[in-house]
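Here's the letter readout for the chains.
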Amino acid sequence: MYIMGPLAGVMLSDLGADVIKIEEPRTGGDVLRGLRFTNGTVDAQMPGGRNASFEIANWNKRSVGLNLKAEEGRELAFQLIEKADVFLTNFRLPAIEGVGMDYEAVRERNSRIIYAAGDTFGARGPDGWRAGNDYTGQARSGMMWGPGTEEDPPFYHTGAPCDIGGAVLLSHGITTALLARERTGKGQKIEVSNLGAGMWFQYWALGIVSLTGRKFPRIDRHTPGNPLWNHYPCADGEWLVLANLLPENWTAFCKLMELDALLEDERFQDMEGRRLNARELNEILDAHFQTRPRRDWEEILARDPSLAFERLQRVEDLAGDEQVLANDYITEIEHPVYGTTQVQNFPMQFSEAPRCERRPAPEFGAHTFEVLTEELGLSPEQISAYIAAGVAA
Amino acid sequence: MNAPLEGIKVVEWSMYATGPLCGVMLGDLGADVIRIEDPQRGGDPTRNMRYVAGITDCQMPGDRNAFFEVMNWSKRSVSLNLKHPQGHEVALQLLDRADVFILNIRPPVVKKLGLDYETLRERNPKLIYATASAYGERGPQGQRSGNDYTGQARSGLMFGAGSDTDPPFYHLAGFPDMTGGTLLSHAVVSALYARERTGVGQKVEMSNLGAAMWIQYWAISNQLLVGGPWPRQDRKRANQPLFNHYQCADGEWIVLATIRDEKWPIFCRLVRLEHLLEDDRFKTVEDRKEHAADLVAILEEHLSTKPRDEWEQILSSDRAMEFTRVQRLADLQHDPQVIANEYIGEIDHPVYGPTKVQNYPVRFSESRVKPRTAAPDLGEHNFGVLTEELNYSPEQIAELVSAGALG
């Protein structure tokens, strides 16, 4: 439920897998279906009683309502597992054990299964039992000190990087285990956590901190270590990022920007000088960028392909960004309830595999009938009996 | 069980972070990773890059570099001059035998050196050719250079933290590069799996921009559906005050991360704020959203009365309460939870001695993950690779060196 497990399912479906989502009838299915405000900023309520957050985490899937607390419901789930290649869950271990679907039990029914478990803090250790989510992953992994200066409070990141990162790692781990199974014939369990994901997606910063033992101070954009690796507001209030790491970028930059005088300035002769005199140089560049709107600077800097720079966009700018569209990072589908709808596409392109077409997230239990007949060969009468008994929904 | 990629041969021609991290991950999974580096430029630029974002010195003892080291664990380095015909020929021989080729070099450079996909596929149809670009290979910026910072800017990531009155923020972690390396590694494994089933190699593409968008999937995909601006969040007026972070009496921060309505009474009882349960301003999620500033102020004051340790103990008494401490990166190697799950491990490094390394983040119950070894010196494995992989004689190697094809 929520995001980490479900998005891993979306990624596998993007790669062509048939994903069946088991949902609990007594709670109305995945809690995300009814959650209007998750981190509190945006209302996820959509037309038709649907929910945007649930939708994006459940494209392409089929939903089967099964009461896992009832023995017959659990048995139906196990019969689906017997025919499955992958079992994916991000429920907490006590909940999983409560319905008898831990790895040992599942493996007993299907020894080739890839059992993929996502949790918050990792299954071992003092906090292995505790509940949590993306936010606790951000906090625990050091991520919240990433943006801002030493004077700022820590920041929460609204993109949910620990949940998304966890989903990416689950999908990566599952694909790897499928490959290993292809080569050895054996299934296995793989485990991923929000904390581990939060750490992994800071690999660079964390690696340098552990290796050097040096502090990793937060950055104040007024005193950057390298003023050509910094962002500047332009005359129209829009921001431009300079992202240049090499010493030779300096000369090209100054010439294009008509700041040739700086090339003669003793203080800024090399990387070390520009680092030590960053405040002064930053003030000069701040004032200079204020003299023209961003699109002018973009045109000027584009004349030298060796310079890296970029406009600072907001999330809502992406759907109109021609680079984004040209690479199919965002694409359109026809949604039965919303009509023409933009969706975010699988981020990798394969030359030989077609792109999977996104299908809408399922209504709760929409495929109970279809899946139980097609996959398990049940008759309509049997299914109706299960539904009447509260085993399926 | 062996490592999943045991016996897989990877050739990596890449710099900085995205391509190299992909190589590290494939190496962790058991692949043999050979880096091609340009001897004329002293190899990967990060070998000599002391300040990147400019804040922390990456210089290490033995004239080594921390940035380069963490991005190149366990690899072998061959210093080949690709502009020299004989150097180029050696590269082609290595690629003829390879399963995977990773590169994050701009397409015009790749084409000029004749290492483009069409050329290599002709020679080795089973090759997985994996590219990382800055903006994706199509579109108006398809040929342009860029990096983690441009990925952060273009993708909206820099407005993800802070409130509307804050400037945009650069995120130190390197999200686009790290996500890019991880997704590229995912794509390679997926393509190897597809090859196992179909016998066909292919090209897989991934970009910094695409990766930076994917790691914000929740925000971006939600915004595409609900429309309108995606607001930044001010913690003083967090719409869900129980999904917010607070400073405790000792100056340390704690995160409350509860989403579901039923946690409200549990929380109030645990922290002895029962009277809030009677307060009409805070009855439902909607009420608490409407009076968020009031409630945040009350919680701020209350949580500042005890040090963080005490709050952690109090909140721990309910198993379903979501909360945790806000740590710094340097805290992680001492965190018992991190150690118990082996997210950070230790290796014996030939130059540094016992050294902490961040392990591959997925735990496999059966597959072995390969232990890390030190990053290679430039050209350290010229002799080993050319003799073992390509059966060159010492005389032939010496000739390549004197011709300037091998550095």
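Procedures and definitions
- Along every chain, residues carry numbers that run from 1 in the direction the sequence is written.
- The naming scheme follows written order: chains are lettered A onward, ligands numbered 1 onward.
- The model is predicted, so local features are restricted to residues of pLDDT at least 70 and side-chain atom pairs to those at 80 or more, both for listing and for counting; the totals for chains, interfaces and linings are taken over all residues.
- For every residue, the pLDDT score states the predictor's confidence, bounded by 0 at the bottom and 100 at the top.
- The way it works is that DSSP assigns letters per residue, a run of H or I at least four long becomes a helix, a run of E at least two long becomes a strand, and they are numbered from the N terminus.
- Whether two strands pair comes down to DSSP finding at least two bridges between them.
- We call two residues in contact when the distance between their C-beta atoms, placed using the backbone, is within 7 Å.
- Axes here mean lines fitted to C-alpha atoms, for a helix over just the part in contact, with angles spanning 0 to 180 degrees between N-to-C directions.
- Oblique is the label for every angle not falling under 35 degrees (roughly parallel), over 145 degrees (roughly antiparallel), or within 65 to 115 degrees (roughly perpendicular).
- Crossing handedness is read from the near helix: turned anticlockwise from the far helix by less than a right angle, it gives a left-handed crossing, and turned clockwise, a right-handed one.
- All amino acids are sorted into three groups, where Ala, Val, Leu, Ile, Met, Phe, Trp, Tyr, Cys and Pro are nonpolar, Asp, Glu, Lys and Arg are charged, and the leftover types, Gly among them, are polar.
- A set of buried residues qualifies as a nonpolar core if it consists of Ala, Val, Leu, Ile, Met, Phe, Trp, Tyr and Cys joined through C-beta atoms within 7 Å.
- Our exposure labels follow a C-beta count within 10 Å of each residue's own C-beta, placed from the backbone: buried means 20 or more other C-beta atoms, exposed means 12 or fewer, and partly exposed covers the counts in between.

Caption draft 1: Molecular detail of the confidence of the model for chain A. Here chain A shows a mean pLDDT of 92. Residues at 70 or above account for 99%. By mean pLDDT, the top-scoring element of chain A is strand S5 (residues 86–89) of chain A (98), and the lowest-scoring one is strand S2 (residues 45–46) of chain A (88).

Caption draft 2: The sheet that holds strand S6 (residues 114–119) of chain A, seen in detail. Across the sheet, four strands lie side by side as S5(A)-S6(A)-S7(A)-S14(B); this open sheet has mixed pairing. Here the strands that pair on one side only, and so sit at the sheet edges, are S5 of chain A together with strand S14 (363–364) of chain B. Pairing of strand S7 (residues 188–193) of chain A with S14 of chain B, which is carried by two bridges, proceeds in the antiparallel orientation. Counted as the bridge partner of Ile-190 of chain A is Phe-364 of chain B from S14 of chain B. In the packing of helix H1 (residues 4–14) of chain A onto the sheet, contacts are made with S5 and S6 of chain A, and the angle to S5 of chain A comes to roughly 145°.

Caption draft 3: Looking closely at the packing of helix H1 (residues 18–28) of chain B against helix H7 (residues 175–198) of chain B. Residues and elements named next belong to chain B. Contact pair H1 / H7: the axes reach a minimum separation of 8 Å and the direction vectors enclose 50°. What the angle tells us is that H1 and H7 run oblique. Crossing geometry of H1 relative to H7 is assigned as right-handed. The residues of H7 that touch H1, namely those facing Thr-18, Leu-21, Cys-22, Met-25 and Leu-26, are Asp-177, Met-178, Gly-180, Gly-181, Thr-182, Leu-184, Ser-185 and Val-188. The residue inventory of the contact of H1 with H7, partitioned by class, reads seven nonpolar, five polar and one charged.

Caption draft 4: Seen up close, the nonpolar core. The biggest cluster of nonpolar side chains holds 218 residues, and the ones touching the most others in it are Phe-101 and Val-188 of chain B. Each residue touching Phe-101 of chain B, except ones within four places of it in the same chain, is listed here: Val-11, Leu-95, Leu-120, Leu-127, Tyr-129 and Ala-130 of chain B. Listed in part, the twelve residues of the second largest apolar core include Val-64, Leu-66, Ala-77 and Leu-372 of chain A.

Caption draft 5: View of the environment of Ala-374 of chain B. All names here are of chain B. Tracing the backbone shows Ala-374 in the loop between S14 and helix H15 (382–388). Expressed as a C-alpha distance, the spacing of Ala-374 and Ser-402, which sit 28 residues apart in the sequence, is 28 Å. When neighbours within four sequence positions are excluded, Ala-374 is seen to be in contact with His-349, Pro-350 and Val-351.

Caption draft 6: Quick look at the sheet that holds strand S13 (residues 349–350) of chain A. Across the sheet, which stays open at both edges, the seven strands sit in the order S13(A)-S8(B)-S7(B)-S6(B)-S1(B)-S2(B)-S5(B) with mixed pairing between neighbours. Both outer strands of the open sheet, S13 of chain A together with strand S5 (76–79) of chain B, are each paired with one neighbouring strand and no more. Alignment of strand S6 (residues 100–103) of chain B against strand S7 (residues 128–133) of chain B, held across four bridges, turns out to be parallel. Residue Val-100 of chain B lies in a different strand from S7 of chain B, and its bridge partner there is Ile-128 of chain B. Each of strand S1 (9–13), strand S2 (32–37), S6 and S7 of chain B touches H1 of chain B; the most contacted strand, S6 of chain B, lies at about 150° to it. Packing of H7 of chain B onto the sheet brings it into contact with S13 of chain A together with S6, S7 and strand S8 (202–207) of chain B, and relative to S7 of chain B it is tilted by some 160°.

Caption draft 7: Seen up close, the interface of chain A and chain B. Counting residues at the interface gives 136 residues for chain A and 137 residues for chain B. Ranked by residue count, the leading element in the side of chain A that touches chain B is helix H7 (residues 161–184) of chain A, at 17 residues. Taken together, the residues of the side of chain A that touches chain B sort by class into 72 nonpolar, 42 polar and 22 charged.

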